[in-house]
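The residues making up each chain are set out below.
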Amino acid sequence: QGQVLQVGINPNTLVPYIVSTLRDTALAISIASRLNLPGAEDLYMQQFQQLMAANDVAGAAKLAADSPAGVLRTPETIQKFQAIPGQPGQPQPVFQYFSTLLEKGKLN
């Protein structure tokens, strides 16, 4: 005897569930990024701010490029990268950001 089952998730509540019940922000960010799910916007903003404060331009650029629904792909993000002074021998931070976006596919 065979059975057909259908399983579905509510994409609007999965990430908040992971954050509030499982208390695993890394998993929530990973799932939101991989499946382009809403609910992790604040987590992305917090992690982005932490990476920028630590001068991790590459990490911040990757996080912004991976952000679901383009939550960090905004003019404000570009301005934040433009405000970072360049390091000798390194490309300007804003160019690193655009380069990372291009590696992910397209700019917009």
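Scroll up a little and you will see the structure.
Predicted model only: the values in this text are computed from it and were never measured.

J.: Can you walk me through the pattern of salt bridges in this structure?
T.: Pairing between side chains of opposite charge can happen when the charged atoms of each approach one another. Throughout the structure, instances matching the rule amount to two salt bridges. As a salt-bridge pair, Asp-66 and Lys-62 come within 2.9 Å of each other at their nearest N and O atoms. One end of the pair is Asp-66 and the other is Lys-62, both in helix α4 (residues 57-66) and four residues apart, which spans about a single turn. On the accessibility criterion, Lys-62 (44% relative accessible area) is partly exposed. Measuring nitrogen to oxygen at the nearest pair gives 3.0 Å for the salt bridge that ties Asp-66 to Lys-104. Of the two residues, Asp-66 sits in helix α4 while Lys-104 sits in helix α6 (residues 93-104), which places them 38 residues apart along the sequence. Note on Lys-104: relative accessible area 45%, which makes it partly exposed.

J.: Looking at this model, I keep getting lost on the nonpolar core. Mind explaining?
T.: For soluble globular proteins, nonpolar side chains are generally found buried alongside one another. If you look at the biggest cluster of nonpolar residues, it comprises 26 residues, and the most contacted ones within it are Tyr-44, Phe-48, Leu-63, Leu-72 and Phe-81. Here this core gets six residues from one element, more than from any other, and that element is α4. With residues up to four places along the chain from it excluded, the contact list for Leu-63 reads Ile-29, Tyr-44, Gln-47, Phe-48, Leu-51 and Leu-72.

What counts and how
- Here the residue index of a chain counts from 1 through its sequence in written order.
- Where local features are concerned, this predicted model is filtered to residues with pLDDT of at least 70; where side-chain atom pairs are given and counted, the filter is 80 or more; whole-chain, interface and lining totals use all residues.
- Think of the side-chain values as coming from all heavy atoms in the structure, minus any hydrogens and water.
- A pairing counts as a salt bridge when a side-chain nitrogen of Lys or Arg comes within 4 Å of a carboxyl oxygen of Asp or Glu.
- Here a strand is any run of E in DSSP of at least two residues, a helix any run of H or I of at least four, and the numbering for each starts at the N terminus.
- Think of it in three bands: residues with accessible area under 20% of the maximum for their type are buried, residues over 50% are exposed, and the middle band is partly exposed, with areas taken using a 1.4 Å probe on protein chains only.
- For our purposes a nonpolar core is just a set of buried Ala, Val, Leu, Ile, Met, Phe, Trp, Tyr and Cys residues, chained together by side-chain atoms within 4.5 Å.
- Throughout, a residue-residue contact means that at least one pair of heavy atoms, one from each residue, lies within 4.5 Å.

In short, geometric facts, not functional conclusions.
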